[in-house]
Amino acid sequence: MEAWRCVRRGYGRCVVGRGRYPMLPHHQKSLARDWTTPWENLQRCCWNRHISSCMRWPGHYSRAPYPYFSSRHFSLNWRPPCLFESRTPFQYWNWRPDNLSQTSLIHLSSYIMNSEGDEPSSKRRKHQGTIQRHWEYICNHNKDKTKILGDKNVDPKCEDSDNKFDFSVMSYNILSQDLLEDNSHLYRHCRRPVLHWSFRFPNILKEIKHFDADVLCLQEVQEDHYGAEIRPSLESLGYHCEYKMRTGRKPDGCAICFKHSKFSLLSVNPVEFYRRDVPLLDRDNVGLVLLLQPKIPNAASPVICVANTHLLYNPRRGDIKLTQLAMLLAEISSVAHQKDGSFCPIVMCGDFNSVPGSPLYSFIKEGKLNYEGLAIGKVSGQEQSSRGQRILSIPIWPPNLGISQNCVYEVQQLPKVEKTDSDLTQTELDKTEVLVTAEKLSSNLRHHFSLSSVYSHYFPDTGIPEVTTCHSRSAITVDYIFYSAEKEDVARQPGAEVALVGGLKLLARLSLLTEQDLWTVNGLPNENNSSDHLPLLAKFRLEL
C-alpha cells in the first residue's frame, strides 16, 4: 500500500527510498486521483526526474553487476497494451491498487531512454528475429575465439590428451504450461499463439536437439507433458530420463536426462524439501541428484555427481531458500562422498531464484556464510528493501531436520554404554553415514565443496548484467550451472579462469545476453524461444 499512497499523493520514491520527487505537475495532481492523466505525460514527468541520484539503475551501471534492480520490483513499468499509442488517455478505470508492487520504485527497463515521452525502444513489440549466441572458450591461448551458434565443425579443445572424457551439460527451465497460465500477467508482451503448448514444445525440443547436450537438467517439467511427450521424445534421441515431481500435487518437477552412449546410471536420489514435522519447510520444491559413470573403454573412470533443483521463488522467504539449499547440499555430500574421504566431481544446476552477489549465491561459491543480522528478504537479492522484515533466526532450521550447519546429514552420537557388536540394533548400525558431534549454536553456514559458476554474470567490457530470464516484469539472472572447481592462484576476470579439481575442467560455455538484446526479439517467450528462461550450456573435461 506504500506504493499506492505515493501515487495517490502525486510523488514517487527513488531507489531504496532515497528521497521523494513529484511525479505529476501541480495542475495534474488532482487528476491523478481519477487516473485520467495522459500516460505519455506521466512517463515524461517520471523519466525527466533525477534518476542519476539512485543507488543503482539499469542503464547506469557500475562495474559491479549486482544487486540489480529489475522490473519485477517496479510495477509502474507495466503498461496495458492500449497505452502504447501516443496521447492515449488512461481509461482503465478498474485498475486496482493491488496492481502495484509493495514498493513505490519506478524502473526504466531500457538502456536507451527517450526523454521526450516515447516508450523505451527496447520494449516495442517485435515479432521477428533470432537470438544470436556463440561459444566462449575458457582457455588462455584461444579465449578470444568464438564459435557461432550452429557451427558443429569446430570443437572447443583446450589441450590434446588421451586421458580425458569430454561432456556437455544443459540447464533449462522450460516453463510449465500450467504455471504460464496461472501467471499470465508476466506474458502480456507476447502474442497469444506463441504461448500455446502445441507451439512451445516443438520449439523447446528443437533447441534440445540442436545443442545436443550429453546431460539435461530441466526445471518446471509438467508431469502430464513429461509422460505424454517430453520423456518419449527425449528417449527417442537416446536419453535416459529421471524425474521428480513436486510434492503437494503441484503440476511440475525436475528432470535429469543423460545419453545412454555416454553414461551409466549408478544411483538416483530424489530430495523433497517439504517436511511435515518441520513447520519452516511447508513448501513443495524438490531436487534430484544422480550418480553417473562415464562409459570409457579400457579405463576405470571416476564417477560424476549431477544435481538439479528449483528453489522457492518467494523473495521474502530467504530462510526457506537457505534451508532447501542446505538439504540439497547434504544429499550431494552423501552421494558424492568417496571411500578416501574426498568428493567426486560435482555439477549442480537449476533455477535458484537468487541473483549473483546475493548471500545465497555467495554461500554456494565461497562455501561459507555468516547470516547473523541478515534479513530474510535479502538472502536471495531479489528485493533490496528489508524494511519490516524479520532477521534470520539462529539456527535457521530446527535440530530435528537432521542437517548440521556444515550442510551434511547429522547423526547424534549414541550414549557411551558398554555394548558388544551383537547388542547394537540395526537402526544404530544404519546411522553411520555421517557422524557429527553436537554443535553449539552458530550463525556460520559451511559446505565442503569448491564450486564455481560457469558464467561470469556480466559483460567485462560494459559491466551490463547477463540475464537468464526475461518477461514482462523482470530480466535478471536466477539460473546457474555450478561445478566443482579450484581456482588458480593467478587472478583473472570472473568466469574466465581455468578451473580444475578432481579432473573436471571447464572448456566452453554458450554466451548469455543482455535485457536489451532480448527485447529486440520481444523478450521471452517469443516465436523462436519458447520459455521465459534461456538454456544454459557448458562443456567440461574429466581428466582420468
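Going by what an unreviewed UniProt entry lists, the chain is known as Angel homolog 2 and is assigned to Mustela putorius furo.

Colleague: Which parts of the structure should I look at to understand the overall build of the chain?
Modeller: On a plain count of helices and strands, the chain comes out with 10 helices and 21 strands. Relative to its full complement of 544 residues, the chain shows a buried share of 56%. Across the chain, the fraction of contacts at a sequence separation of at least 24, relative to all contacts at a separation of at least 6, is 73%. Just so you have it, the chain exposes about 24,500 Å², and 49% of that area is on carbon and sulfur atoms.

Colleague: Just checking my understanding: could you explain helix H8 (residues 359-366) for this structure?
Modeller: Count 3.6 residues to each turn of an α-helix, and residues three or four apart come out pointing the same way. In terms of burial, H8 is a largely internal element, six of the eight residues being buried. Considering only its buried residues, H8 is in contact with helix H7 (318-336), strand S12 (346-351), strand S13 (368-370), strand S14 (444-446), strand S15 (451-453) and strand S18 (479-484). Of the residues trailing H8, Gly367 is marked for its positive phi of about 80°.

Colleague: Sorry, what's going on with the pairing of strand S21 (residues 536-543) here?
Modeller: Remark: a regular strand shows side chains that alternate across the two faces of the sheet. With six of eight residues buried, S21 lies mostly within the body of the structure. The sheet contact formed by strand S5 (residues 164-173) and S21 spans eight bridges and is antiparallel. Within the sheet, the bridge partner assigned to Lys164 lies in S21 and is Glu543. When strand S20 (residues 504-510) meets S21, the two strands line up antiparallel, connected through five bridges.

Colleague: Explain the pattern of salt bridges here, please?
Modeller: Two side chains with opposite charge may pair up if their charged atoms get near one another. One pass over the full model with this rule turns up 14 salt bridges. Here Lys244 and Glu272 are joined by a salt bridge, their closest N and O atoms 2.6 Å apart. With Lys244 in strand S7 (residues 239-245) and Glu272 in strand S9 (residues 263-272), the pair connects residues that are 28 residues apart, well separated along the chain. The closest approach of N and O atoms between Asp284 and Lys250, which form a salt bridge, is 2.7 Å. Of this pair, Asp284 sits in the loop between S9 and strand S10 (286-294) while Lys250 sits in the loop between S7 and strand S8 (252-259); the two residues are 34 residues apart in sequence, bridging distant segments of the chain. The class of Asp284 is buried, set by a relative accessible area of 13%. Within the structure, one salt-bridge network assembled from shared partners comprises Arg317, Asp319 and Arg390.

Colleague: Just to check I follow, could you spell out the packing of aromatic side chains for this structure?
Modeller: Aromatic rings considered in pairs are described by the distance between their centres and by the relative angle of their planes. Going through the model one piece at a time under the given rule, you end up with 13 aromatic pairs. Ring geometry for Phe167 and Phe540: centres 5.7 Å apart, planes at 35°, overall tilted. Taken together, the positions of Phe167 in strand S5 and Phe540 in strand S21 put the pair 373 residues apart, joining distant regions of the chain. Across the pair, exposure class does not vary: Phe167 and Phe540 are buried alike. Ring centres of Tyr226 and Tyr243 lie 4.3 Å apart, and the angle between their planes is 15°; on these two criteria the pair is classed as stacked.

Colleague: Got a minute to help me understand the packing of helix H5 (residues 197-211) against helix H6 (residues 223-236) in this structure?
Modeller: As a packed pair, H5 and H6 sit with axes 11 Å apart at the nearest point and diverge in direction by 30°. The pairing of H5 with H6 is recorded here as roughly parallel in orientation. Both H5 and H6 take part in a crossing whose hand is right-handed. In this structure, H5 contributes Trp197, Phe201, Leu205 and Ile208 to the contact, and H6 contributes His225, Glu229, Ile230, Ser233 and Leu234. Among the residues making up the contact of H5 with H6, the classes are represented as six nonpolar, two polar and one charged.

Colleague: Please explain the environment of Ser474 as it appears in this structure.
Modeller: Inspection of the secondary structure puts Ser474 in strand S17 (residues 474-476). By relative accessible area, Ser474 is classed as buried at 1%.

Colleague: Before we go on, may I ask you to explain the nonpolar core in this structure?
Modeller: The nonpolar side chains of soluble globular proteins are, as a tendency, buried together. Counting residues in each nonpolar core, the largest one holds 63 residues, and the members touching the most others are Phe167, Val215, Leu216, Leu234 and Phe540. Considering each element in turn, this core owes the most residues, six residues, to H5. Not counting residues within four places of it along the chain, the set of residues in contact with Leu216 comprises Met170, Ile208, Leu234, Tyr239, Ala255, Ile256 and Cys257. Ranked by size, the runner-up nonpolar core spans 48 residues in total, among them Phe273, Leu280, Ala307 and Cys407.

Cut-offs used in this document
Numbers given to residues run from 1 along each chain, matching the order in which its sequence is written. Where totals are concerned, whole chains, interfaces and linings use all residues; where local detail is concerned, this predicted model gives features only for residues with pLDDT of at least 70, and gives and counts side-chain atom pairs only at 80 or more. Each side-chain value is worked out from all heavy atoms of the structure, with water and hydrogens disregarded. Put simply, DSSP marks the helices as runs of H or I at least four residues long and the strands as runs of E at least two long, and each gets a number from the N terminus on. Only protein chains enter the accessibility calculation, which uses a 1.4 Å probe; a residue is then buried when its area is under 20% of its type maximum, exposed when over 50%, and partly exposed in between. It only takes one pair of heavy atoms within 4.5 Å for two residues to be counted as in contact. Each accessible area value is a Shrake-Rupley result obtained with a 1.4 Å probe; residue values ignore everything except the protein chains displayed when judging cover. Any two strands are treated as partners once DSSP identifies two or more bridges connecting them. A pairing counts as a salt bridge when a side-chain nitrogen of Lys or Arg comes within 4 Å of a carboxyl oxygen of Asp or Glu. Stacked, edge-to-face and tilted are the three classes for Phe, Tyr and Trp ring pairs, Trp counted by its six-membered ring, which pair at centre distances within 6.5 Å; planes under 30 degrees apart are stacked, over 60 edge-to-face, the rest tilted. Axis definition: a line fitted to C-alpha atoms, limited for helices to the stretch in contact. Angles are taken between N-to-C directions and run from 0 to 180 degrees. Convention used here: angles under 35 degrees read as roughly parallel, angles over 145 as roughly antiparallel, angles from 65 to 115 as roughly perpendicular, and any remaining angle as oblique. Crossing handedness is defined as follows: a turn of the near helix away from the far one that is anticlockwise and smaller than a right angle gives a left-handed crossing, while the clockwise case is right-handed. Residues are sorted three ways: Asp, Glu, Lys and Arg are charged, Ala, Val, Leu, Ile, Met, Phe, Trp, Tyr, Cys and Pro are nonpolar, and all the rest, Gly among them, are polar. In this description, a nonpolar core means a group of buried Ala, Val, Leu, Ile, Met, Phe, Trp, Tyr and Cys residues linked to one another through side-chain atoms lying within 4.5 Å.

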